[in-house]
Protein chains: 2
Amino acid sequence: MSRMHNPAHPGEVLREWLPENMTVTQATKELQISRVTLSKVLNGKAGITAGMSLRLAAWLGTSPDVWLGMQTQWDLWQAEQQPTPKIRPLERLAA
Amino acid sequence: MSRMHNPAHPGEVLREWLPENMTVTQATKELQISRVTLSKVLNGKAGITAGMSLRLAAWLGTSPDVWLGMQTQWDLWQAEQQPTPKIRPLERLAA
DNA sequence: AATATTGTTAAGCGTTACTTAACAGCCATA
DNA sequence: TATGGCTGTTAAGTAACGCTTAACAATATT
């Protein structure tokens, strides 16, 4: 029992946080990153790093954990989709 | 107001989860990774990836989020220690 | 004493996030 | 119409990181 739905890529969510009229170029000036970097994030071609989450948090007034956590969940789901080797649970001694 | 203490590296925490008598070599056989990989994680010379967190979860009977979340918090703290560019908060229109 | 096993370091490979340069598409203005 | 400035995306190059196998010194085993 865990994540069952493909979680949205953080870039998709980020899109919704940008004001309608705001261009990518404008946003990158505020965030002080290159246009390319933001473009790739928005298109799901790059992930959100810790540093990026700090920038987003400072700019959008959220917690950094929101963005980084989203990325984490996405990474996890991706990893879950790949065949995992069968690992036998460690037998712990009862306390 | 946020993280103020240097969070422990996930590898340090992982150490406490390994049974006293268990060798790194043994653990890596269970986890099906190389000795080097686990060694580096335990010594804080590598992070815990999504795939690794799944392995640990399967083996130790925890949620993967525990390990990946720990890594996330560590990454965030590291990023916070570096000088962040001053970003002016986005002025949102009142609803 | 010789051999095996431990954990770590070295070296190489593949992936990814970042940058700047280059590009095609759109819009304004001369 | 052309021309120049803007848009967002792609191309190319660099640096960092996680992973592997090979090699090593130190310790344990036979």
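Residues numbered from 1 in each chain as written. Chains lettered and ligands numbered in written order. Predicted model: local features only at pLDDT ≥ 70, side-chain atom pairs only at ≥ 80, totals over all residues. Heavy atoms only, no water.

A. Main features of the packing of helix α2 (residues 24-31) of chain B against helix α4 (residues 50-60) of chain B. All names here are of chain B. Remark: α2 packs on α4, axes separated minimally by 10 Å, with the N-to-C direction vectors making an angle of 100 degrees. Looking at the two axes, α2 sits roughly perpendicular to α4. Facing A27, E30 and L31 of α2, the residues of α4 in contact are R55, L56 and W59. (Axes fitted to C-alpha atoms, helices over the stretch in contact; angles between N-to-C directions. Helix = DSSP H or I, 4+ residues; strand = E, 2+ residues; numbered from the N terminus. Parallel < 35°, antiparallel > 145°, perpendicular 65-115°, else oblique. Contact = heavy atoms within 4.5 Å.)

B. Molecular detail of the protein's contact with DNA strand D. Neighbouring DNA strand D are 17 residues, the closest being V24, T25, R35 and S39 of chain A together with T37 of chain B. A share of 64% is what sugar and phosphate atoms reach among the atoms of DNA strand D within 4 Å of the protein. Contact distances for DNA strand D include 3.1 Å between a phosphate oxygen and a backbone N or O atom of G47 of chain B. Side-chain polar atom of T49 of chain B to a phosphate oxygen of DNA strand D: 3.0 Å apart, as the coordinates give it. Residues belonging to the surface near DNA strand D are distributed by class as follows: six nonpolar, eight polar and three charged. (Near = heavy atom within 4 Å. Polar contact = N/O pair within 3.5 Å; in protein donor to acceptor, adjacent residues only side chain to side chain. Nonpolar A, V, L, I, M, F, W, Y, C, P; charged D, E, K, R; others polar.)

C. Main features of the protein's contact with DNA strand C. Of all residues adjacent to DNA strand C, which total 17 residues, the nearest are T37 of chain A together with V24, T25, S39 and K45 of chain B. A share of 62% is what sugar and phosphate atoms reach among the atoms of DNA strand C within 4 Å of the protein. Side-chain polar atom of S39 of chain B to a phosphate oxygen of DNA strand C: 2.4 Å apart, as the coordinates give it. Mapped by element, the contributors of at least two residues to the surface near DNA strand C are α3 (35-42) of chain A together with α2 and α3 (35-42) of chain B. For the surface near DNA strand C, the residue count by class is six nonpolar, eight polar and three charged.

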